[in-house]
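Chain and residue survey
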Amino acid sequence: MASRTASCSCGQLKIVVQGEPLGTGLCHCLACQRRTGSVFATLAAFAEPYEVVGIATEFVRAGDQGARFRFHFCPVCGSNVFHTEEGVEGSVGVAVGAFADPSFPPPQDSVYTCRMHGWVRLPEEVRTYDRDPT
């Protein structure tokens, strides 16, 4: 099984995941915009096992529907590398940009398009949701 490594900007924090992503998506919620400093977050979910190398700072945030997400940042450079959802075992969400791989699989889904910037254009094949469908 092939592995992929995502890392922060300075390389201190890494996550090594196995296999292909369970799914890849975009989130346009305002919290993700603030967290990433971009107009949307691009995330890929991977099944366990995964290995974390380095030290992370954590930030826990409640989502609109009450789920609690634990984001892991590099304490040196501040890059957001991955997150987990409290109470949900078996997977991890990794920031696609942290792979620094332009050939990474494209997103299948886009959530919170009600908050999407008007100038963003998504590929036609991406399923869109006004809010989070879960």
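Data block above holds the structure.
Let me sum up the structure you'll find in this document.

Rules of the game
- Residues numbered from 1 in each chain as written.
- Predicted model: local features only at pLDDT ≥ 70, side-chain atom pairs only at ≥ 80, totals over all residues.
- Heavy atoms only, no water.
- Helix = DSSP H or I, 4+ residues; strand = E, 2+ residues; numbered from the N terminus.
- Lys, Arg positive; Asp, Glu negative; His and termini not counted.
- Charge placed at Lys NZ, Arg CZ, Asp CG, Glu CD.
- Buried < 20%, exposed > 50% of the residue type's maximum accessible area, 1.4 Å probe, protein only.
- Core = buried A, V, L, I, M, F, W, Y, C linked by side-chain atoms within 4.5 Å.
- Contact = heavy atoms within 4.5 Å.
- Pairing = 2+ DSSP bridges.
- Axes fitted to C-alpha atoms, helices over the stretch in contact; angles between N-to-C directions.

Concerning the overall build of the protein
When you go through the protein residue by residue, the secondary structure sums to one helix and 11 strands. When its helices and strands are written in sequence order, the protein yields β-β-β-α-β-β-β-β-β-β-β-β. Taken along the three principal axes of its C-alpha coordinates, the protein extends 35 × 30 × 30 Å. Each charge sign in the protein was given a centre, from 11 positive and 14 negative side chains, and these centres are 8 Å apart.

A word on unusual backbone geometry
For the bond from Glu48 to Pro49, the omega torsion is 5°, close enough to zero to count as cis. With respect to the helices, strands and loops of the structure, Pro49 is situated in the loop between strand E4 (41–47) and strand E5 (50–53). Positive phi outside glycine occurs at Tyr112, with the angle close to 60°. In this structure, Tyr112 sits in the loop between strand E10 (109–111) and strand E11 (127–128). Assessed through its relative accessible area of 5%, Tyr112 is described here as buried.

With respect to the nonpolar core
By size, the foremost hydrophobic cluster in this structure holds 17 residues, and its most contacted members are Ile15, Phe46, Val81 and Val94. Contributions of two or more residues to this core are made by strand E2 (14–18), E4, strand E8 (80–85) and strand E9 (91–95). Element by element, the count of residues in this core is highest for E9, at three residues. Leaving out residues up to four positions away in the same chain, Val94 has contacts with Ala6, Ile15, Val17, Thr42, Leu43, Ala44, Phe46, Val81, Phe82 and Phe99.

Quick look at the pairing of strand E3 (residues 23–27)
Of all the five residues making up E3, four are buried; the element is thus mostly covered by neighbouring parts of the structure. In this sheet, E4 lies alongside E3 in antiparallel orientation, the contact comprising five bridges. Across the sheet, residue Leu26 finds its bridge partner in E4, namely Thr42. As judged from the three bridges shared by E3 and E10, these two strands associate in the parallel manner. In the sheet register, Gly25 faces E10, and the bridge partner there is Asp109.

Here's the deal with the sheet that holds strand E1 (residues 3–7)
Spatially, the three strands line up as an open sheet ordered E1-E2-E5, and their pairing is antiparallel. Looking at strand neighbours, the two that pair on one side only are E1 and E5, the edges of this open sheet. Ignoring which end each strand starts from, the neighbouring axes of this sheet average 15° apart. Strand direction decides the pairing type here: E1 and E2, joined by five bridges, are antiparallel. Note on E2: the bridge partner recorded for Ser7 is Lys14.

Some thoughts on the environment of Ala44
Following the sequence through the fold, Ala44 ends up in strand E4. As for Ala44 and His117, which are separated by 73 residues in sequence, their C-alpha atoms are 21 Å apart. Filtering out sequence-adjacent residues up to four positions away, Ala44 remains in contact with Pro21, Gly23, Thr24, Val92, Gly93, Val94, Val96 and Phe104.

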